[in-house]
Structure formats: C-alpha cells, structure tokens
Amino acid sequence: MIDLRAVNKTFVADITGVDVRHLSDAEFNELYTAWLLFGVLRLRNQPVDENELQAFSARFGPLEQIPMGKQSDTENAKIRNRYVLQLSNIIIDGKPIGGLGNAEANWHSDMTYVEAPPPASVLLGVEIPEQGGDTHFADQAAAYEALPESLKHRIRDLTIKHDAAHTSTGELRAGFQAFDDPRDAPGAVHPMVLHHEETGVPALYLGRREWAYVHGMSLDESESLLDEIWPYATRPEFVWQQKWQPGDLVIWDNRRVLHRRDDFDPQSRRLMKRCQVLSRTHSPTGYAPP
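Structural notes, computed from the coordinates. Predicted, not measured: the structure shown is a model, and the values here were computed from it. (Residues numbered from 1 in each chain as written. Predicted model: local features only at pLDDT ≥ 70, side-chain atom pairs only at ≥ 80, totals over all residues. Heavy atoms only, no water.)

With that out of the way, let us pick up the overall build of the chain. If you tally the helices and strands in the chain, you get six helices and 19 strands. Scaling as 2.2 N^0.38, a compact globule of 290 residues should have a C-alpha radius of gyration of about 19 Å, and the chain matches this with 19 Å. Along the first, second and third principal axes, the C-alpha atoms of the chain reach 50 × 50 × 35 Å. A burial count over the chain gives 51% of its 290 residues as buried. The contacts of the chain with a sequence gap of at least 6 include a subset with a gap of at least 24, amounting to 80%. Of note, the chain has its 30 positive side-chain charges centred 2 Å away from the centre of its 42 negative side-chain charges. (Helix = DSSP H or I, 4+ residues; strand = E, 2+ residues; numbered from the N terminus. Rg over C-alpha atoms; globule rule 2.2 N^0.38 Å. Buried < 20%, exposed > 50% of the residue type's maximum accessible area, 1.4 Å probe, protein only. Contact = heavy atoms within 4.5 Å. Lys, Arg positive; Asp, Glu negative; His and termini not counted. Charge placed at Lys NZ, Arg CZ, Asp CG, Glu CD.)

Below, the structure written as structure tokens:
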C-alpha cells in the first residue's frame, strides 16, 4: 500500500514512502488509480536519473520523443535520452541547454494544439531557484462543476480551436507566421467540455486563453464567451501551488488540469526534466469516479 495524503478531497495528493525505481505492479496500479482520482500527484525525494525517469514515465504509456529541430549531428549526439526534455534557463557555451527559459508561462494544458494531446506529463525538479519558478495547477473538473447550469448548457456541444503557433510563454514558434485574428490560428479543435476517457468525469478543456477561438462563432462572440468562462477555470479555490524542491516528481493529468509557471530571476539556475506520455496503455480495472 502506498502512503497517500490528499491535499484537497479529490484534487492533488502527496505520495510518500515510495521509490519510483522499484514499484511493484500492484503499487503502480494503486498510484495510477490515485492519479486518476486526484489529477496531480507529488512524490518527493526521488533520486532518479534520466533513464529511470523514462522507465517510470513509460509505465503510463508510450512516450513522445523530444523534438530535435535543426541541430547539427554533433549537438544531437550530446542528447543523453531522447525521451527526456530539458526545461531550463541554464546556458552552456553560449547556448541554452533547455526550453522555456525564465519567463512566466501562462495557464495551459500541454500540447492541446495537436489532435491527440498527451494524457500525462511527468516533471522532475533538479535545480531549483531560491525564489520563483513555482508551478500552479488548476482543477478543471471543479471549475466545470462551479459553472451555472445555464452556462453548462450553452457550452456542452461547443468546441475550441487551440493555437499551435505560440508557446506557453507567448512566443511565436519557429516555422509559423504571425497573424492578428484567432480564427486564422493553426491548431486542433477539441470539445470545450471533455469527458475523461477513463473516469467519465467532465472538465473544462480550454487549452490556453491566448489566440483561442470558439469554433463556429463570430470573433466577438467567441471572445465574450471565453472571457466569461476563464475566471471559473482559475478561481483561487481550485488552484494549488507547487513550491519545488530538488528531487520532487510531479505527475499531472492534462485531461483534468491546467498549469502555469511563475517567472524567476534570470541569474538563478533552474533545471527540470520532463517526459510526455503520448497515449494511455494502462488503466486499472474497477475504477469508480468520485
């Protein structure tokens, strides 16, 4: 039996007394079921290397290979593990060793701009600044439940186009052209209310506010509706703040939560390692939603 302490009744849980390198199948099933229930799990003091992080993350499903871009063969050869992405502001030999730098990252779910977004993200804290760089999570199942019934009715069949051209820090991705109208944004279209494929629990599925567009509406109608819904998505009572320590391992369900990151002093060092699960392959039998 794993040792679980719920931070809220059904949102965020601390798991203690566990070493993810040595989980039995029964222990992993218990952890997986807790992840489905709480949406975010935190495990502290996990001394894993990149290969061990990959092996643990792959128990949730097939992993995404990190994008190689237009790097030289020499630079590609320096990558130790092609399933572990470096998120960092650290610069070595004049080049950043990771992505996202030190800027604030806006509320988002990972990669909702693709047709099949990753259900799980696994993030390991390695080097942590003294201040800033915290990660905040928002429970979208609770946000949906808080909507007035009239608003639930209005949005139940609506879809949102999720912008693929910009990063979570608002920068234009390489290879994309700038545009002024969200209707011109490239990206996938997803339901505004997502019924979780494993639990059946409905949740808001908004992606990012910036450059989002409610499919089939005029631009003014879309902007007005999104402005009405987003305050529910990020209400303080639905948000939990992760203050990182080295060795923290956090697993979250992108189908259930939004997240964002605080900025931090660019002179501080921050290094995180992330795995993305492309699809689920594991679902314990007998799961009953709350």
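Next, the rest of the story.
Among all residues except glycine, the phi angle is most often negative; among peptide bonds, the trans geometry is most common. Within the chain, Val12 stands out as a residue other than glycine whose phi angle is a positive 75°. Inspection of the secondary structure assignment puts Val12 in the loop between strand S1 (3–6) and strand S2 (13–16). In the Ramachandran plot, Asn45 falls in the positive-phi region, its phi being about 60° despite a non-glycine side chain. Among the structural elements, Asn45 can be located in the loop between strand S3 (40–43) and helix H2 (50–57).

A few words now on the sheet that holds strand S8 (residues 105–108). Strand order in the open sheet made by the four strands is S8-S18-S10-S16, with antiparallel pairing throughout. Bordering the open sheet on either side are S8 and strand S16 (239–242), each of which pairs with just one other strand. When the angles between neighbouring strand axes are averaged without regard to direction, this sheet yields 15°. Across two bridges, S8 lies against strand S18 (residues 257–261) in antiparallel orientation. Looking at the pairing, Ala105 lines up with Arg261 of S18. (Pairing = 2+ DSSP bridges. Axes fitted to C-alpha atoms, helices over the stretch in contact; angles between N-to-C directions.)

Take the pattern of salt bridges next. Scanning the entire structure with this criterion turns up 21 salt bridges. Salt-bridge contacts for Asp14 lead to Arg5; the nearest nitrogen and oxygen are separated by 2.8 Å. Exposure remark for Arg5: the relative accessible area of 48% places this residue in the partly exposed category. In this structure, the salt-bridge partner of Glu50 is Lys273, at a minimum N-O distance of 2.7 Å. In this pair, Glu50 is assigned in helix H2 and Lys273 in strand S19 (residues 271–277), connecting sequence segments 223 residues apart. (Salt bridge = Lys/Arg side-chain N within 4 Å of Asp/Glu carboxyl O.)

Tallied over the entire structure, the rule returns 10 aromatic pairs. With centroids separated by 6.3 Å and ring planes inclined at 85°, the aromatic side chains of Phe28 and Phe56 adopt a geometry described as edge-to-face. Note that Phe28 is positioned in helix H1 (residues 25–38) and Phe56 in helix H2, a separation of 28 residues in sequence. Each member of the pair Phe28 and Phe56 is classed as buried. Ring pairing ties together the aromatic residues Phe28, Tyr32, Trp35, Phe56 and Phe60, which thus form one cluster. One Lys or Arg, Lys152, reaches over the ring of Tyr144 and ends 5.0 Å from the middle of that ring. (Phe/Tyr/Trp six-rings, centres within 6.5 Å; stacked < 30°, edge-to-face > 60°. Lys NZ or Arg CZ within 6 Å of the ring centre and 35° of its normal.)

Further remarks concern the pairing of strand S10 (residues 135–139). Counting buried positions along S10 yields five of five residues, so the element is predominantly enclosed. The side-chain alternation of S10 yields two buried faces, one formed by Thr135, Phe137 and Asp139 and the other by His136 and Ala138. Examined bridge by bridge, S10 and S16 share four bridges and lie antiparallel to one another. Paired with Thr135 across the bridge in S16 is Gln242. Strand direction decides the pairing type here: S10 and S18, joined by five bridges, are antiparallel. Directly across from Ala138, in S18, lies its bridge partner Leu258.

Looking now at H1. Taking 1.5 Å per residue as the helical rise, H1 with its 14 residues ought to reach 20 Å, and the 20 Å between its terminal C-alpha atoms agrees with that figure. Among all positions in H1, only Phe28, Leu31, Tyr32, Ala34, Trp35, Leu36 and Phe38 are buried. Considering only its buried residues, H1 is in contact with S1, S2, S3, H2, strand S9 (120–127) and strand S17 (249–253). A positive backbone phi angle near 80° is found at Gly39, which sits one or two residues after H1. (Expected span 1.5 Å × (residues − 1).)

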